[in-house]
Amino acid sequence: MPEELNPFKISQQQLDNAAEIMKLDRVAHKILREPVRTLIVNIPVKTNGSAEVFTGFRVQYNDARGPGKGGIRYHPKESLDTVKALAAWMTWKTALANIPYGGAKGGVICNPKELNDTTLEILSRGYIRALGRFIGPKTDIPAPDVYTNPQIMAWMMDEYSRLVGHDEFGVITGKPLDIWGSEGRFDSTAMGGMYVLRESAKELDIDLRNATVAIQGFGNAGNFAFELVKKLFGSKIVAVSDSIGGVYSGEGLDYEKLVRTKKNGSITAYEKGEKISNKELLTEDVDILIPAAIENQITKSNADNVKAKIVLELANGPVTPDADKILFEKGILDLPDFLVNAGGVIVSYFEWVQNTGNYYWSEEDVYKRLDSIITKSFIDVMSMQQKYSAMRKKISPRTAAYIVAVERVAKAMKVRGWY
Ligand code: NAD
């Protein structure tokens, strides 16, 4: 991977940029450039006479504001640097949302598509046994992420409960409702993104009812984003893609038909419209662009061709730092991932609060509280941008979001006497 696309280097670069502008204390900066704790485990898995060893990671980036929080990814190309970057971003995400957590992330190098359910369960339980003494509802609370799901969270919660000798529902979030997951969790990431989109459209005076939208990715985040943009605002989604490619239709795409098409393989088999590549999708002439797939999609080589007025980063890390600068100079409102996709972790927080208090909320309550928290984060970012603008310093929403988050973590470390 070229050094400029290494996610951990990117996360450090983003922090350095904010640190310089906000004149962050030298030692606080040094602490925040690296994780507090990095754990590497090797998990033997024995099934039906054959055995394999899988390598897993858990990175606890910073816990000055509360226990670590962050998902566990299962991916054949998982790397420690990716997990470190994601753990850093979780730290900024929880701080920006102003929820009482730090940041963490986990991963296992494996291809879940090649593992049967039995192997997947043994692996998931093994991961928890290897890390059991380092996680817990008061220390580090995992959740699902790429290629992990509520069933895997249920096995993990069960294994942790066996280790400690009692039910511990609050050790993991994103669980099935049957074992006290939260209402509203399944589409919380996209829902949070919608509240940010609503606020940003107000800011730019865009009428979402007449807006056109392109969405990259049709997985969990992209699929719900598609459904919600249509349902909540009535916008027209003209382009969408998956890993194979995309489709474009000026008349707008039909959600139900896309879901049916995707069930049989790829959305590229959608009967109407024109086939486009993932690259072309990013530069379509639309009002709103929602990257909801993977990292490093908008780079210095295509940023100049982006035509959208708002880029809503539902994926993690879809815009590289070089591209971020270009979008900002073009006057595009590029809303950073750790603001836009915080809905998942905010509702995870609600799940943990409900597990801890043993009292459960309705879906309506969950959405209302999510709206209030994420809208406040958006306002905090815009206010920070205005504060710098009043000092004649133009900063991007991403830098403003970093400053809000880093300031909160640095203050917590300071008051706790870490520097
Ligand atoms: P997913 O695996 O369900 O979906 C990913 C989608 O991206 C799929 O449609 C896949 O076909 C597509 N894709 C894969 N490679 C692609 C490529 N090269 N070009 C275009 N599309 C490609 O994953 P998800 O949960 O929807 O997550 C998507 C992004 O959102 C990730 O960056 C993830 O970290 C972020 N995110 C998700 C959540 C969540 O709750 N699901 C929360 C926060 C952040």
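Reading the values: rules and limits
Residues numbered from 1 in each chain as written. Predicted model: local features only at pLDDT ≥ 70, side-chain atom pairs only at ≥ 80, totals over all residues. Heavy atoms only, no water. Helix = DSSP H or I, 4+ residues; strand = E, 2+ residues; numbered from the N terminus. Buried < 20%, exposed > 50% of the residue type's maximum accessible area, 1.4 Å probe, protein only. Contact = heavy atoms within 4.5 Å. Domains from an automatic or database assignment. Pairing = 2+ DSSP bridges. Axes fitted to C-alpha atoms, helices over the stretch in contact; angles between N-to-C directions. Right-handed = clockwise from strand over helix to strand, strands pointing away. Near = heavy atom within 4 Å. Polar contact = N/O pair within 3.5 Å; in protein donor to acceptor, adjacent residues only side chain to side chain. Areas by Shrake-Rupley, 256 points an atom, 1.4 Å probe, with all protein chains shown as cover. Nonpolar A, V, L, I, M, F, W, Y, C, P; charged D, E, K, R; others polar.

Concerning the side chain of S161
Okay, step 1: Tracing the backbone shows S161 in helix α5 (residues 150-164).
Okay, step 2: Judged by relative accessible area, S161 falls into the buried class, the value being 7%.
Okay, step 3: Leave out the neighbours within four places in its chain, and S161 touches H166, D167 and E168.

Details of the domain arrangement of the protein
Okay, step 1: Under the domain assignment used here, the protein contains domain 1 (36-168) and domain 2 (188-335).
Okay, step 2: On a C-alpha basis, the centres of domain 1 and domain 2 stand 29 Å from each other.

Observations regarding the sheet that holds strand β10 (residues 288-291)
Okay, step 1: Strand order in this open sheet of seven strands is β9-β8-β7-β6-β10-β11-β12, and the pairing throughout is mixed. Since the sheet does not close on itself, it has two edges, and those belong to β9 (274-276) and β12 (333-335), each with one partner. In this sheet, neighbouring strand axes are inclined to one another by 20 degrees on average, regardless of whether the strands run parallel or antiparallel.
Okay, step 2: Across the face of the sheet, helix α6 (residues 188-204) comes into contact with β10, β11 (310-312) and β12 while running at roughly 165 degrees to β11.

Remarks on the pairing of strand β7 (residues 236-241)
Okay, step 1: Burial analysis of β7 places five of its six residues in the buried class, the great majority of the element.
Okay, step 2: As paired strands, strand β6 (residues 212-216) and β7 are joined by five bridges and run parallel to one another. Counterpart to A214 in the pairing with β7 is A239.
Okay, step 3: Traced from β6 through helix α7 (residues 220-233) to β7, the parallel crossover comes out right-handed.
Okay, step 4: Here β7 runs beside strand β8 (residues 246-248); their pairing, made up of three bridges, is antiparallel. Bridge pairing in β8 places S241 opposite G246.
Okay, step 5: Counted between consecutive antiparallel strands, the loop separating β7 from β8 contains four residues.

A look at unusual backbone geometry
Okay, step 1: Phi angles above zero are rare outside glycine, and N98 is one such case at about 60 degrees.
Okay, step 2: The backbone phi angle of D205 is positive, close to 60 degrees, even though this residue is not glycine.
Okay, step 3: Inspection of the secondary structure assignment puts D205 in the loop between α6 and β6.

Focus: the site of the ligand
Okay, step 1: The environment of the ligand is formed by 17 residues, the closest being T189, F218, A221, S243 and N316.
Okay, step 2: Between the ligand and the protein, one listed contact pairs an oxygen atom with a backbone N or O atom of A221 at 2.8 Å.
Okay, step 3: When the ligand sits alone it has 830 Å² of accessible area, and the protein chains cover 78% of it.
Okay, step 4: Tallied by class, the residues present in the shell around the ligand amount to seven nonpolar, nine polar and one charged.

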